[in-house]
Structure formats: structure tokens, C-alpha cells
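# Chains, contacts and geometry: an overview
The lines below spell out each chain.
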Amino acid sequence: MALGVALMTMTGLGLAASDTAALNALLGTAGGIGTFVSAFVVASTFSYAIAARRRELGLLRLAGATRGQLRRLVLAEAAAVGVAGSAAGCALGKAGAPLMARWTIAHGLAPASYAIGHQTWPLHAAFWTGLAVALTGTYAAARRAGRVGPLEALREAAVEEQAMTAGRWAWGAGLAVCAAGLTGWRLGFDPGDLLKRKTYTWQPMLLISAVGLLAPVLVRPLLRALAWAPARLTAYAGRLVRENASAGIRRTSAVAAPVLVMVGLTGSLLGSAATIGAAKAAEARSRTASTDYVLTGDRLPARLDVPGAPALPLAATELTVLEEGFVEVRTEAWAADPAALAQVARLPLAAGSVADLDDAGIIVTQEWERHTLGASVPLRLADGTHRSLRIVAVMRTGTGDNAAYVTPRNAPGAAVTRIEVQAPSAAAATRLRHAAAPYDATVRTTAAWLAATHPRTNRYTRLGFLLVLGLSLLYAAISLANTLTLATSHRSPELALLRLAGATRPQILRLLTAESLLTVTTGALLGTAVTLLNLTALRCALALLGVGSPAVVPWRAMGAVTAVCAGLAAVFTALPAMWVTRIRCHGPDLAT
């Protein structure tokens, strides 16, 4: 809890001190994901804790406690933990915010002048948000505690009944339908919206929440499928691992939940960014398919004549388009010679011809409000001149990187920033290098230029996601360790009975470790399923936008997160199990 509030405090202090839009978006995303992970993990942990305290609550009911008193008891405990955790988190966040600021400056995510101030509102916001998260996350558990009957104190069955309540079914199915409906609506009406960072950052949380709520239903068949091989190889041990995990389905779901969050968020966020990056690179490769070399520099000429090497100088400019009659929209554009553009470039045209471009024409994309061939578009040039240009060709929307094209006359003052050249022979390439030398131009092959300017995921995106995911994943990892320790400690009577049946301590440790690893694998598979569903939707959006790039699944990052979870599971299952078996397996009250 404290770490989640610390993340909120750090991002809040960072937002209060930032005046950069990109950094604001990054910190806002980090704070939002931290809040989601905190609420998800707190709700999952408290739900299991209430189920584990069933007999204790039943004894309180036998002693005369009312349902309302039990609910208030659980909420009071949550409030006490929330206050303590929020206070500790605010202190940690205030101490860690300057370190975060220095890290963002050192890695180029923030300007050198960026510094944390002395604002107090982020501390208040984080404290009360943390307390609200604790109470909201435990509300459902408190209601469940209020339904515990007096006879629960006499129950001895280890098998958990009614793991799925009506409310859990309703919320889980509702969130799943909501996630599917939003995805279907975007694919049907605005597939480009799925490529926006805000969408692919927040939408996976709906599906993760739905899968987390439906975990008791999904986990059991996965457990049986995963435990089939061990059960065949070592019949009794494998069967015991499988049945223990299936019988304690709430415990298994609570342990799998942090793994689901860690793997699902890592795969969805990194995979979406990498998939969109790969799609942009594929678009650039397609457009420069007939280009052999690319020249870049600050002093490129407006015209480059090289025998045997047709050249396309491109000058960046900006157009202002009036949409819906009153909304001014600024858009990027390239100024290019029509003849060279038609010869060298391969634009992703949906209609029209590049050869028709002239001083009175413009090439637009399908995302423009007006994109009908022959229609006139009123706009303002970069120097403020008002013009009305005729649409001569329309490009597919793609990933949104397809800028408009005009002639150099409609881009006054625009300097050439790139020259694409066809130089298929060695002699033409040599002449090209000699012609570029007076302008201090950097000459690279098209493949080298694409690798430098269109990486799968650029450095700032990777660093941004490291900041966004880092503390949230750390919080989920701590929650996993806490849940495993709690779950193992509550199984002392069961472990004592195993000792009475003749099992040795090493056998018990291996049994519990195998069960935990099986649960972690189940959570990782659920997280992988969430990732694949999100990336499949993204791939469908790209296909609708006319981009043939495949989805990129970050298997290495997901595998690393799963390995960390497996290591935590092994350690935080073995340590409490060693302690429990040491102190519980002596004396006449072995099974009490």
C-alpha cells in the first residue's frame, strides 16, 4: 500500500513541477497505472484474506457479532492499514521525487531546469487517494465478511465453495463485455483511435480487471491442463499439487492476480508500442521501396542534379486547415517536386495519382475531413497566406505518419531536410557522394536510414515505459510475496497433517514450491492471453488502416517478468513453509 501511495506522491509532485506536455502525459500515465495496480492488488489480497479468516469471523458471529459489525470491523482494519500505508507512502514519495527528477533529467525525459518544488497538494491527493483505494478495494470483501454465518466456525472442509459470487460474475462479465464492446466500436468507426497512446495504455486495464474477477473460473481448467504432465510422471505428488491448487481456488486466484497484472501490463504496453513502431517502419519501407540512398543535413540544396540518380528533395512545412467550418487544425506536410515525387516515392494511394499534383493541388490522407478527389480544401500556408487547393490524390490513413504533399510554391520558406535518391549502380552512388560533399550531407543507405529513424521502439519510449511500469511492477511483486507468505502461513494445519501422514519437510517444501510455480504459470498464461487479445485488436486496426505489419509480442520482457515472479514464488513459499513446519510439527497438538 505504501509503495502505491509513494508512486502517486512522486508523480503528483512531478506533475506539479513540470511545464512540459510530454512529461505531464508520462507522469500522469504512471500515476494512473499505479492507482490501478494498487486498487487491483488491494482488492485481490483483501478478498483472499477474508476468505482465509472465515472460521474466525464465524466465531465472532457465534459470540453475537452482527453482520453490520463484521463489515465495519473489516472496513476499520482497511482504514487503519490505509492511513498507515498512505502516511508512509507520502513520506517515501516526497523523499523519492527528487531522485525521480534527477533520473528523468539524466535520461533526457525532462529539461535541465526541471526540479521538484514544495507543493503540498500532491501529498494530500496521494494520501486521500490511497485511503480511498484501500476502502474501495476492501468494500466487496467487507460485504462478503458480513455474510459469514455462525456455523462457518464449525467447518472443516478445505475445499472452498462459491468462489464466484453473483456480484463477481456481474462485474467480471460486465467489464469483459465493456472491453470487447469498446474494441469493436473503435474497429468499426475509428480504428486509428486504437493506435493512440492513451487508448492502448488504458484499455488493457479493462481486460485485466475482467480476467482478474473471472480468475476462479479460468484458473481451474488451466491448472488441470498444466498439471497433467506432472500428474502422469509422478502420480501422487503431481495429483496432490493439482488438487491442492484446485481446492484452494481463492488462494490460487489471489496468488495469480499479481502475476496477471505484471505480465499483462508488460506485454500489452510494450507490445503495443513495439507493434505501432514496427508498423511505422513498415510504412516508411514501403514508401521508400524504390529509394537507394537518403541524404540528411542542415544545408541541403533545393535541387540536386546527379546523372543516373533521380533525387527527391523534401522540405517540411505546416498547413492550417479549417474543419467543421470553425476548427483550425494544424497538420504537417511535405513540399516536393511533383515529377520527382512520382518517380522516386511510392505513396500509399487509395485514390488519384501523384502525377496530377501541381501548384493548385494537394495530396491528403483519408483522415482529413475532406478527402474526396476534386474537392477544394481551404487552408492557410506556413507564411499565413490563405489558399484553396484541389485534392488530386488521397493516401491511406495508416499509422497517422502519412503527411500531406504540396508543391514548393505552397511552402514558402521551407528548407529541405531530406533528399531521397535512386542510385542503383555503383557509379551513380559514387557521383552522389561527390555531389553531396559540398553540403556536408550525411549519405546513408535507405536501410541504414530506416534503422536509425524508425526503430521498433525508440529510446524515449523505452525509458518512458520503464518509468511508467517500474514502480507499478515493483508494487505488484511485493504484493505477490505478501500473498504467498500469508497463504503459506494459513496452511499450517494442512502441513501438520501431511507430516502426520509421513511426509518429510523437504517433500512438503517441494510440494508447496511446485504448487506456487504452477500458480505463477497460470497467472502468466492469463497475462499472456490478455496481451495477445490486445495486440490482436491492434493488428486488426492496422489492417483496417491499410498497414500490413505483424503484431510484435515482447516475449523476452514477459519471460523476464515471469521468471521474477517464479523466483519470488519459490522464495516466499519456502521460507514461511520452513518456519511453519518447524514450529508446528512437534508435540501432541500437531494438527491444531
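Treat the numbers as computed from the prediction; the structure is a model and nothing was measured.

Let us look at the pairing of strand β6 (residues 376-380). The side chains of a regular strand alternate, residue by residue, between the two faces of the sheet. Side chains of β6 alternate between two faces, with Val377 and Leu379 buried and Ser376, Pro378 and Arg380 left unburied. Across 5 bridges, the pairing between β6 and strand β7 (residues 386-395) is antiparallel. Pairing of Leu379 across the sheet is with Arg387, part of β7. In sequence, β6 turns back onto β7 through a hairpin of 5 residues, with Gly384 there showing a positive phi of about 95°.

Together, Trp169, Val217 and Leu218 make up an exposed nonpolar region whose accessible area comes to about 250 Å². By the secondary structure assignment, Trp169 is in helix α6 (residues 166-189). Owing to a relative accessible area of 42%, Trp169 belongs among the partly exposed residues under this scheme.

Residue Asp440 is not a glycine yet carries a positive backbone phi of 55°. Looking at where Asp440 falls in the secondary structure, it is placed in the loop between α13 (426-436) and β10 (442-445).

The subject of this paragraph is the environment of Leu187. Along the chain, Leu187 turns up in helix α6. In sequence terms Leu187 and Leu542 are 355 residues apart; their C-alpha atoms lie 9.6 Å from each other. Aside from chain neighbours lying at most four places away, what touches Leu187 is Leu194, Ala537, Cys540, Ala541 and Leu544.

Looking at chain direction, strand β4 (residues 349-352) and β7 are connected through 3 bridges and run antiparallel. Bridging from a neighbouring strand, Gly352 pairs with Ala393 of β7. Pairing of strand β5 (residues 361-365) with β7 involves 5 bridges; the strand directions are parallel. When the sheet's bridge partners are listed, Ile363 is paired in β7 with Ala393.

Calculation rules
Residues numbered from 1 in each chain as written. Predicted model: local features only at pLDDT ≥ 70, side-chain atom pairs only at ≥ 80, totals over all residues. Heavy atoms only, no water. Buried < 20%, exposed > 50% of the residue type's maximum accessible area, 1.4 Å probe, protein only. Helix = DSSP H or I, 4+ residues; strand = E, 2+ residues; numbered from the N terminus. Pairing = 2+ DSSP bridges. Patch = residues over 30% accessible without salt bridge, like charges linked within 9 Å, V, L, I, M, F, W, Y side chains within 5 Å. Areas by Shrake-Rupley, 256 points an atom, 1.4 Å probe, with all protein chains shown as cover. Salt bridge = Lys/Arg side-chain N within 4 Å of Asp/Glu carboxyl O. Contact = heavy atoms within 4.5 Å.

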